[in-house]
Amino acid sequence: MNRYVPVLLSLLSGLLLFSAWPQWNITAALFVALIPLFILTDTIRSGYRFFLLVYLALFTWNVSTTWWIWNSTMIGAWLAIIVNSLLMCLPWLGFRWLKKSAGDLTGYASLIVFWLSFEYLHQLDWGLSWPWLTIGNAFAGRTEWVQWFEYTGTSGGTLWVLLVNVLLYQFFFRTPATGISQKGWILRTGIPGLVLLAPIVLSYLVLQSREQAQTQSEQQDGNVVVIQPNIDPYEKVATGTFEAQLQKLIRLSESAVDSNTTLLVWPETALYSPNGFDEQNLKTNFFLNPLFDFLRRHPNLNLFTGIESYRVFPEKVSLYARPIDGTSQFYEVYNGSVLLDSSGARQFYHKSMLVPGVETLPRFLLFLGPVFEKFGGTTGGYARQAHRTPVPTSNHYKLAPAICYESIYGEYMSRYIANGANLIAIITNDGWWGNTPGHHQHMAYARLRAIETRRWVVRSANTGISCFVDPLGNILQPQPWWTEAAIQQQIPVSNGSTWFVRFGDVLSKLALVLAAGFLLLGIFIRYNKTYRQKV
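This write-up is about the structure you can find in this document.

The rules we used
Residues numbered from 1 in each chain as written. Predicted model: local features only at pLDDT ≥ 70, side-chain atom pairs only at ≥ 80, totals over all residues. Heavy atoms only, no water. Helix = DSSP H or I, 4+ residues; strand = E, 2+ residues; numbered from the N terminus. Rg over C-alpha atoms; globule rule 2.2 N^0.38 Å. Buried < 20%, exposed > 50% of the residue type's maximum accessible area, 1.4 Å probe, protein only. Contact = heavy atoms within 4.5 Å. Areas by Shrake-Rupley, 256 points an atom, 1.4 Å probe, with all protein chains shown as cover. Lys, Arg positive; Asp, Glu negative; His and termini not counted. Charge placed at Lys NZ, Arg CZ, Asp CG, Glu CD. Expected span 1.5 Å × (residues − 1). Disulfide = S-S within 2.5 Å. Phe/Tyr/Trp six-rings, centres within 6.5 Å; stacked < 30°, edge-to-face > 60°. Patch = residues over 30% accessible without salt bridge, like charges linked within 9 Å, V, L, I, M, F, W, Y side chains within 5 Å. Salt bridge = Lys/Arg side-chain N within 4 Å of Asp/Glu carboxyl O. Right-handed = clockwise from strand over helix to strand, strands pointing away. Pairing = 2+ DSSP bridges. Polar contact = N/O pair within 3.5 Å; in protein donor to acceptor, adjacent residues only side chain to side chain. Axes fitted to C-alpha atoms, helices over the stretch in contact; angles between N-to-C directions. Parallel < 35°, antiparallel > 145°, perpendicular 65-115°, else oblique. Left-handed = near helix turned anticlockwise from the far one by under 90°. Nonpolar A, V, L, I, M, F, W, Y, C, P; charged D, E, K, R; others polar.

**Here's the deal with the overall build of the protein chain**
A count of helices and strands for the protein chain gives 16 helices and 14 strands. Taken over the C-alpha trace, the protein chain has a radius of gyration of 25 Å; the compact-globule value for 535 residues is 24 Å, and the two agree within 12%. Seen through its C-alpha atoms, the protein chain measures out along the principal axes to roughly 80 × 60 × 40 Å. Looking at the 535 residues of the protein chain, the share that counts as buried comes to 57%. Taking the contacts inside the protein chain whose residues are at least 6 apart along the sequence as the reference set, 71% of them involve residues at least 24 apart. Accessible area of the protein chain: about 22,600 Å², with a carbon and sulfur share of 61%. Where the 39 positive side-chain charges of the protein chain centre and where its 32 negative ones centre are 14 Å apart.

Following this line, the structure appears as structure tokens:
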């Protein structure tokens, strides 16, 4: 093989994966994107060279799809791209190791379960959690193909992509084209074709069934208003700008709220102060007087908004609590949200899944904290909420809150629904990234959460894209980037529970068990070979 061909194959794989992502939406590219890496598996003898080529492919995918993180934090971008690409190599190295030890069938089966296991473990809260590039997420641009995510979540999409790639490679690249009977040709094309097309047909059947059920069961309640204030995030944190920002939020809200509005949603950190707001004294805070005047004018209205807040405690209540100098007291700081009405705060929620590098670091990287903070990070600063507790309004809605990128965690969000939530409320500030593909991708992922849970989604984004998403994943009233907006939508209360909500990510959990079995099998085979050589 020409020495440049492996590099070109590696780059091709990464670019095919990139092209499948929202907003490019060449989703069909997913089903052939891994074939160049399979060719390298069979042709590259050196393990070190194989690793470098796989890393190049995964790095190409990561950097071309998530380069926009750089606009928010340079260090965070390098962390996400370089480290994530490295972690993604682990399933491929395990696959190559087991393929050499146990043969092709076991090897390719192990790749599927290793990758599914990696994606699942990468969603856990371990400090570098970054499931943005979970393969199943690419279908956020083709939700009509994956209505069955209500059973499997995004892991079903990942499994689908891996199976089709493996079958196409085995049947069309490794099987000789000559001397095949007519029956052989039918099998050669029929099996991959069935695996490729059957989920799409199933999806349309599920979609048709859900559309009929939704039309028959929907009961209109009050309307919901979402505000997109379009405040520059870098100006937002400037001292002395809060009063003007609050007046803008109130003005936009007044333009859309009516007597039937029961819920108003403002974006992440809409209530921001350099020192934060004391959660125990919101009603007496002078700067919030205009807000409570507004709520008193609308006594039936609940406001769900982002807030930068803190609490003071007489003792250390958690590992996040920090001492107040010169006193015996402690305090916690939150990137949080609060449900308000004219009487004050009804319930708080504190962001739980923090952004790696910007808001959190694993313990073994804490020594880098000062470096990250120089680039806008607050590593180790925020306290988290441990439980997925819905936020009930005074009306019919029970909110599943998601701040910023928490909405990309499928099973995490489904726990709110299992606990009784009937409306997903996403508040975010995607303006840190600028007008890049990042905010399009983030919005698209909300469609997957709607399908997995069959719940409406309301999305308030500071600079866009604010919108509503129905339980079928359809986007309603999306607002353009960098535009002030106030949108209103009649949203019925959704009931019932999907398989994914009831049982979680069953596929990934099964993959974890199988992955452990494959690892034990590989160790046994290697040990057995070593033992025989000694004997």
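**Some details on helix H7 (residues 154–172)**
Its 19 residues place the ends of H7 27 Å apart at the C-alpha level, agreeing with the 27 Å of an ideal helix rising 1.5 Å per residue. Burial of H7 is extensive: 15 of the 19 residues sit out of reach of the surface.

**A few points about the state of the cysteines**
Formally, a disulfide is one covalent bond, and it connects the sulfur atom of one cysteine to the sulfur atom of another. Under the counting rule described, the total for this entry stands at 0 disulfides. Free of any disulfide, Cys467 has its nearest neighbouring cysteine sulfur in Cys404, separated by 15 Å. Here Cys467 falls in the buried class, since its relative accessible area comes to 0%.

**Some remarks on the packing of aromatic side chains**
Evaluated as defined, the whole model comprises 36 aromatic pairs. Ring geometry for Phe38 and Tyr108: centres 5.3 Å apart, planes at 80°, overall edge-to-face. Within this pair, whereas Phe38 is found in helix H2 (residues 35–43), its partner Tyr108 is found in helix H5 (residues 104–121), the two being separated by 70 residues in sequence. Considered together, Phe38 and Tyr108 belong to a single accessibility category, that of buried residues.

**What to know about unusual backbone geometry**
Following Pro22, the chain continues to Gln23 via a peptide bond in cis, the omega torsion being 20°. That bond from Gly464 to Ile465 is cis: its omega, 10°, falls within 30 degrees of zero. Mapping Ile465 onto the fold places it in the loop between strand E11 (456–461) and strand E12 (467–469). Non-glycine residue Asn230 carries a positive phi angle of around 60°. In this structure, Asn230 sits in the loop between strand E1 (223–228) and helix H9 (233–236).

**Re a nonpolar patch on the surface**
Taken together, the side chains of Tyr4, Val7, Leu8, Leu11 and Leu15 make up a nonpolar region of the molecular surface, amounting to roughly 450 Å² of accessible area. Tyr4 gets classed as exposed once you look at its relative accessible area, which sits at 51%.

**Quick notes on the pairing of strand E10 (residues 423–428)**
By the criterion of burial, E10 is predominantly enclosed, with 6 of the 6 residues buried. A two-sided burial pattern is seen for E10, the buried positions comprising Leu423, Ala425 and Ile427 on one face and Ile424, Ile426 and Thr428 on the other. Taken together, strand E9 (residues 398–403), helix H13 (residues 410–418) and E10 form a β-α-β motif whose crossover is right-handed. Pairing of E10 with E11 involves 6 bridges; the strand directions are parallel.

**With respect to helix H4 (residues 74–102)**
Spanning 29 residues, H4 covers 43 Å between terminal C-alpha atoms, matching the ideal 42 Å at 1.5 Å per step. Looking one or two residues beyond H4, the residue adopting positive phi is Gly103, at roughly 100°.

**Section: the side chain of Ser460**
Within the secondary structure layout, Ser460 lies in strand E11. Here Ser460 falls in the buried class, since its relative accessible area comes to 0%. Within the structure, the side chain of Ser460 is placed 2.7 Å from the backbone oxygen of Ile227, a separation counted as a polar contact.

**Points about the packing of H2 against H7**
When two helices pack together, you describe them by how their axes are tilted relative to each other and by the distance separating the axes. In the contact formed by H2 and H7, the axes pass within 9 Å of each other and the chain directions differ by 55°. Taken together, the axes of H2 and H7 lie oblique to each other. In this structure, H2 crosses over H7, and the sense of that crossing is right-handed. Residues Ile35, Phe38, Ile39 and Asp42 of H2 form the contact with H7, whose participating residues are Asn165, Val166, Leu168 and Tyr169. Split by residue class, the contact of H2 with H7 holds 6 nonpolar, 1 polar and 1 charged.

**Overview of the environment of Ala345**
Looking at the element boundaries, Ala345 is found in strand E7 (residues 344–350). The contacts of Ala345, once residues within four sequence positions are left out, are Leu282, Val338, Leu339 and Leu340.

**Some points on the pattern of salt bridges**
All chains considered together, the criterion is met by 14 salt bridges. The closest approach of N and O atoms between Asp104 and Lys99, which form a salt bridge, is 3.4 Å. Overall, the relative accessible area of 28% leaves Asp104 in the partly exposed class. Classification of Lys99 by relative accessible area gives buried; the value is 13%.

**Considerations on the sheet that holds E12**
In spatial order, the strands read E8-E9-E10-E11-E12-E13; together these 6 strands make up an open sheet with mixed pairing. Looking along the sheet, the strands with just one partner apiece sit at the ends: strand E8 (391–392) and strand E13 (475–476). On top of the sheet, H13 reaches E9 and E10; it is set at about 160° to E9, its chief contact. Taken strand by strand, helix H14 (residues 437–453) contacts E10, E11, E12 and E13, and its axis lies near 160° from that of E11.

**Digging into the environment of Ile427**
Take Ile427: it is sitting in strand E10. Assessed through its relative accessible area of 0%, Ile427 is described here as buried. Between the alpha carbons of Ile427 and Ser466 there is a distance of 9.0 Å; along the sequence they are 39 residues apart. With sequence-adjacent residues up to four places away left out, Ile427 is seen in contact with Val265, Trp266, Pro267, Glu268, Phe304, Thr305, Gly306, Ser337, Ala402, Ile403, Cys404 and Ser460.

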